[in-house]
Amino acid sequence: MQKMLILISNVYRLGNASKNVGAQTVSEGARMVLSSRFFTDFTPQTSFDIKKCELHRLEAGPSETAVLTREQGLQYYRTMQTMRRMELKADQLYKQKIIRGFCHLYDGQEACAMGIEAGINPTDHLITAYRAHGYTFTRGVSVREIMAELTGRRGGVAKGKGGSMHMYAKHFYGGNGIVGAQCVCLQVPLGAGVALACQYQGNNQVCVALYGDGAANQGQIFESFNMAALWKLPCIFICENNKFGMGTSVERSSASTDYFKRGDYIPGIKVDGMDVLCVREAIKFAADYCRAGKGPIVMELETYRYHGHSMSDPGVSYRSREEIQEVRSKSDPITMLKERMLSNNMASVEEIKEMDVDIRKVIEDAAQFAISDPEPPLDELCNHIFANDLPMEVRGTNPWVKLKSVS
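If you're wondering where the values come from, they're calculated on a predicted model, not measured in any experiment.

> Explanation requested: the overall build of the chain in the structure shown.
Check the secondary structure of the chain and you find 13 helices and 10 strands. When each of the 407 residues of the chain is scored for burial, the buried share is 49%. Relative to all contacts within the chain whose residues are 6 or more apart in sequence, the contacts with residues 24 or more apart total 72%. Accessible surface for the chain amounts to roughly 20100 Å². Of this, 54% is attributable to carbon and sulfur atoms.

Right, here's the structure in full:
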């Protein structure tokens, strides 16, 4: 009551001081005081009980409580909601035939990308498969650059020549698609190689190598496990288990669905991949384990994708719409975080709504840029093939045309 009286008094005082300037000034002053009052009344941080992880070859695991500050919560919400809106816009642009080719959307799995990023350092390394838009964003690439890459424009993160599956950033070695006859796990041995470089350089960094349950039965994953265990590489192998691989349930494709135990001699952790705090605490634990020189660790993030495997897959031939809706209503990662913050007075409904409006504006601006930005010209086709700046003659389809490679 006392706070409310002070608030009314301050608004009245501001109004009298501004009455000769106009009603708009009074309104702005009142809004400033209200904003200040609301901000100071928010709970700065709260401790939450989170789901216990299942362990393999570990005596102790990640913490079962997680401390969340208001600033962290707002940051996590904004990042995950931006990822969600970005993917929904990509779906729309694909159906309008503005985005063409391969496109694998990440909506539903946002807690994995955000939790991983919150649990490691920006200088740590990450490599994933083709469902890479979310990780490209958490690794520091703007929405405009991601959307422009999806539409094949010059302003894209890979200059419009990589598309959905091939985006890169500092310490991020991209989405990696199918290579030859191999399934989508080329990034796992590459990730082990990055971890070897970290060990060799002694920089106390780790590498996160991600793959899906659909790739979990590929032989090169186990070869990477073996090498990483022998050399005690600082590598976190993460299986994002979104239940269906391409379109086949894990029960039909894997004799053992305990993916966190697949490392056998490597310790493993099974994590609720729909809870950003569970993922964050598990990643912190795994990163500390690797930095301590104990070798690699295998993680399984149980998650769920709302779209089909790719835009060519409606996603409802092997699962029902009711199943998807049930997951949305019971364990959506963004809704879960929002409800935690609201119920613990860490944010207001109005604040969340304003953030949602801002995010929509960012997405719309990025979409307009991705549509209006020009495509890369033919003479740039062979640029950025090599890291050095030595030009290279590239034979074209026309024997009278020579393209130069410029790094």
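> Is there a simple way to explain the environment of His 166 in this structure?
Within the fold, His 166 resides in the loop between helix H6 (143-150) and helix H7 (187-201). The partly exposed category is assigned to His 166, whose relative accessible area is 28%. Separated by 30 residues in sequence, His 166 and Thr 136 place their C-alpha atoms 9.8 Å apart.

> Would you mind going over the pairing of strand S1 (residues 45-49) with me for this structure?
On any regular strand, side chains alternate: one points to one face of the sheet, the next to the other face. Side chains Thr 46 and Phe 48 of S1 all project onto a buried face; the interleaved residues Gln 45, Ser 47 and Asp 49 project onto a face where none is buried. The pairing of S1 with strand S3 (residues 65-69) spans 5 bridges and is antiparallel. By the bridge assignment for S3, Ser 47 is matched with Val 67.

> Just checking my understanding: could you explain the pattern of salt bridges for this structure?
Opposite charge on two side chains lets them pair, provided their charged atoms get close. Counted by the stated rule, this structure contains 17 salt bridges. Arg 84 is the partner of Glu 110 in a salt bridge, and the nearest nitrogen-oxygen pair spans 2.6 Å. Note that Glu 110 is positioned in helix H4 (residues 110-119) and Arg 84 in helix H3 (residues 70-95), a separation of 26 residues in sequence. Like Arg 84, Glu 110 is buried. With a closest N to O distance of 2.8 Å, Asp 275 and Arg 340 form a salt bridge. You can see Asp 275 sitting in the loop between strand S7 (268-272) and helix H10 (276-291) and its partner Arg 340 sitting in helix H12 (residues 333-343), a full 65 residues away along the chain. Comparing Asp 275 with Arg 340 shows no difference in burial state: the two are buried. One continuous salt-bridge network, built from bridges that share partners, spans Glu 54, Lys 243, Lys 270 and Glu 302.

> Honestly, the nonpolar core in this entry has me stumped. Any pointers?
As a rule of thumb, nonpolar side chains are buried together in soluble globular proteins. Grouped together as the largest cluster of nonpolar side chains are 68 residues, with contacts concentrated most on Ile 116, Tyr 135, Ile 236, Ile 238, Val 271 and Met 299. Beyond its immediate sequence surroundings of up to four residues, Tyr 135 is in contact with Tyr 106, Cys 112, Ala 113, Ile 116, Leu 126, Thr 128, Phe 172, Leu 210 and Glu 240. Counting residues in hydrophobic clusters, the runner-up holds 22 residues, among them Ala 195, Ala 216, Cys 235 and Phe 237.

> Got a minute to help me understand the packing of H3 against H10 in this structure?
Packed helix pairs are specified by the crossing angle of their axes together with the interaxial distance, meaning the distance between the axes. Packing of H3 against H10 brings their axes to within 12 Å, and their N-to-C directions diverge by 105 degrees. On the basis of their axis angle, the class for H3 and H10 is roughly perpendicular. Across the interface between the two elements, Gln 72, Tyr 76 and Met 80 of H3 pack against Val 276, Leu 277 and Arg 280 of H10. Here the residues of the contact of H3 with H10 sort into 4 nonpolar, 1 polar and 1 charged.

> Would you take a moment to explain the environment of Ser 63 for this structure?
Note that Ser 63 resides in the loop between strand S2 (54-56) and S3. A relative accessible area of 35% means that Ser 63 is categorised as partly exposed. Measuring from C-alpha to C-alpha, the distance between Ser 63 and Lys 52 comes to 8.0 Å, with 11 residues separating the pair along the chain. A polar contact is formed between the side chain of Ser 63 and the backbone oxygen of Thr 65, at a distance of 2.8 Å.

> Even after reading the chapter, I still don't get the sheet that holds strand S5 (residues 207-212), so can you show me in this structure?
Two strands in a sheet stick together by hydrogen bonds in their backbones, pointing the same way (parallel) or opposite ways (antiparallel). An order of S2-S7-S8-S6-S5-S4 is seen for the 6 strands of this open sheet, with the pairing classed as mixed. Every other strand in the sheet has two partners, leaving S2 and strand S4 (125-127) as the edge strands with one partner each. When strand polarity is set aside, the average angle formed by the axes of neighbouring strands in this sheet is 20 degrees. In this sheet, strand S8 (residues 297-302) lies alongside strand S6 (residues 235-241) in parallel orientation, the contact comprising 6 bridges. Residue Glu 240 lies in a different strand from S8, and its bridge partner there is Leu 301. Here H10 sits on the sheet in contact with S6, S7 and S8, set at roughly 175 degrees to S8.

Cut-offs used in this document
Residues numbered from 1 in each chain as written. Predicted model: local features only at pLDDT ≥ 70, side-chain atom pairs only at ≥ 80, totals over all residues. Heavy atoms only, no water. Helix = DSSP H or I, 4+ residues; strand = E, 2+ residues; numbered from the N terminus. Buried < 20%, exposed > 50% of the residue type's maximum accessible area, 1.4 Å probe, protein only. Contact = heavy atoms within 4.5 Å. Areas by Shrake-Rupley, 256 points an atom, 1.4 Å probe, with all protein chains shown as cover. Pairing = 2+ DSSP bridges. Salt bridge = Lys/Arg side-chain N within 4 Å of Asp/Glu carboxyl O. Core = buried A, V, L, I, M, F, W, Y, C linked by side-chain atoms within 4.5 Å. Axes fitted to C-alpha atoms, helices over the stretch in contact; angles between N-to-C directions. Parallel < 35°, antiparallel > 145°, perpendicular 65-115°, else oblique. Nonpolar A, V, L, I, M, F, W, Y, C, P; charged D, E, K, R; others polar. Polar contact = N/O pair within 3.5 Å; in protein donor to acceptor, adjacent residues only side chain to side chain.

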